[in-house]
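Residue-level listing of the chains:
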Amino acid sequence: MNSDELKQRLGRRAVDDFVRGGMRVGLGTGSTAVWAVRCVGEKLRAGELEHLACVVTSSQTELECEQLGIPIYSLNHTHVGGKLDVTIDGADEIEPSGNLCKGGGGALALEKVVAYNSKRVVILAEERKYVARLGKSFPITVEVLRQARATVTRAVEAMGASASLRMAERKIGPTITDNGNILLDLTFEAAFDAGWLERELNAIPGVVENGLFTGGHYTVYLAKPDGSLRVLE
Ligand code: 5RP
């Protein structure tokens with residue numbers, strides 16, 4: 001199966017398995033999570049999911065929901081109350097401990113708020129993203145206040161990272177996140193403890209959030225190239 005078919009299969013399976021009428025559902029970001037959003041849209045149109053409250057994690061997902069007619073709630077809405085029953089999202093890398101690296105789409109800050117406040121988080125990825133150790137082939141993304149680019153760069157370099165400012169495509173200058181911030185993509189030569197690094201990066205003044213998701217309990221659906229799924233709890 002090609003990559004799009006695998007992502008479509010993952011999205012449908014996650015929605016079939018975990019989304020029920022009346023739930024508060026977090027909708028993730030990216031080319032995989034979007035298939036779960038589309039499946040929610042189909043089921044809503046078919047009248048299979050009543051009284052669903054969906055919370056989006058990015059402007060990409062918001063646009064998709066608008067096109068599909070999926071009603072969106074704020075995480076602050078009294079009906080949601082900052083708590084979700086399930087969130088379905090993608091990831092850039094997953095290691096055997098269950099730690100994740102996210103942020104390829106630059107939506108890591110809201111994705112983390114939503115994931116950390118969901119009873120269940122379902123992560124969808126092609127099997128190639130299941131790696132022995134985070135950060136070897138994909139950078140660790142950090143969302144940073146624009147005014148703090150130099151100071152945060154200096155701080156992460158002192159921690160052994162090389163920092164690269166993520167540049168925009170089809171726009172001159174850096175990528176600006178949904179929150180009006182910039183992104184630094186970090187690579188580390190040496191191995192690191194992901195839980196420690198997640199906390200240390202967020203302790204740097206000017207860092208809004210980073211793409212390491214550690215210490216959570218995720219249900220991970222991995223799609224193999226033949227279309228079969230592997231489930232990790
Ligand atoms: C966006 C993300 C995405 O979930 C992650 O980048 C995976 O994206 P894709 O499914 O397109 O590979 O974290 O911030």
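Up top you'll find the structure we're talking about.
This report concerns the structure included in the present document.

Take the environment of leucine 84 next. With respect to the helices and strands, leucine 84 occurs in strand 3 (residues 84-90). For leucine 84, a relative accessible area of 1% gives the class buried. Between the C-alpha atom of leucine 84 and that of asparagine 117, which follows or precedes it by 33 residues, the distance is 6.2 Å. If we skip the residues at most four places from it in the chain, leucine 84 touches Arg24, Val25, Gly26, Val55, Leu75, Val114, Asn117, Ser118 and Lys119.

Enumeration over the complete set of coordinates arrives at 14 salt bridges. Arginine 38 is paired through a salt bridge with glutamate 64; the nearest N and O atoms lie 3.0 Å apart. Taken together, the residues arginine 38 in helix 2 (residues 33-45) and glutamate 64 in helix 3 (residues 59-68) connect sequence positions 26 residues apart. By sharing partners, the salt bridges in this structure join Arg24, Asp85 and Lys119 into a single network.

Taken in spatial order, the 3 strands make up an open sheet running 4-5-11, and their pairing is antiparallel. At either end of the open sheet lies a strand with only one pairing partner, and these are strand 4 (93-94) and strand 11 (212-213). Bridge analysis of strand 5 (residues 100-101) against strand 11 gives 2 bridges, and the strand direction is antiparallel. Residue pairing for strand 11: cysteine 101 is matched across the bridge by leucine 212.

Further remarks concern the site of the ligand. Around the ligand, the structure places 17 residues, and the nearest of them are Thr29, Ser31, Thr32, Asp92 and Lys129. The separation between an oxygen atom of the ligand and a polar side-chain atom of threonine 32 is 2.5 Å. The separation between an oxygen atom of the ligand and a polar main-chain atom of glycine 105 is 3.3 Å. Computed on the free molecule, the ligand has an accessible area of 380 Å², of which 90% lies beneath the protein chains in the complex. Those elements giving two or more residues to the shell around the ligand turn out to be strand 3 and helix 4 (108-116).

All right, on to the nonpolar core then. By size, the foremost hydrophobic cluster in this structure holds 25 residues, and its most contacted members are Val19, Val40 and Ile88. Within the residue set of this core, elements represented by two or more residues are helix 1 (3-18), strand 1 (24-27), helix 2, strand 2 (53-56), helix 3, strand 3, strand 6 (118-126) and strand 12 (218-223). Broken down by element, the residue count for this core peaks at 5 residues, all from helix 1. Apart from residues no more than four positions distant in its own chain, isoleucine 88 is found in contact with Ala14, Val15, Val19, Gly26, Leu27, Gly28, Ala33, Ala36, Val122 and Leu124.

Thresholds, definitions, all that
Residues numbered from 1 in each chain as written. Predicted model: local features only at pLDDT ≥ 70, side-chain atom pairs only at ≥ 80, totals over all residues. Heavy atoms only, no water. Helix = DSSP H or I, 4+ residues; strand = E, 2+ residues; numbered from the N terminus. Buried < 20%, exposed > 50% of the residue type's maximum accessible area, 1.4 Å probe, protein only. Contact = heavy atoms within 4.5 Å. Salt bridge = Lys/Arg side-chain N within 4 Å of Asp/Glu carboxyl O. Pairing = 2+ DSSP bridges. Near = heavy atom within 4 Å. Polar contact = N/O pair within 3.5 Å; in protein donor to acceptor, adjacent residues only side chain to side chain. Areas by Shrake-Rupley, 256 points an atom, 1.4 Å probe, with all protein chains shown as cover. Core = buried A, V, L, I, M, F, W, Y, C linked by side-chain atoms within 4.5 Å.

Nothing here speaks to function; it is geometry throughout.
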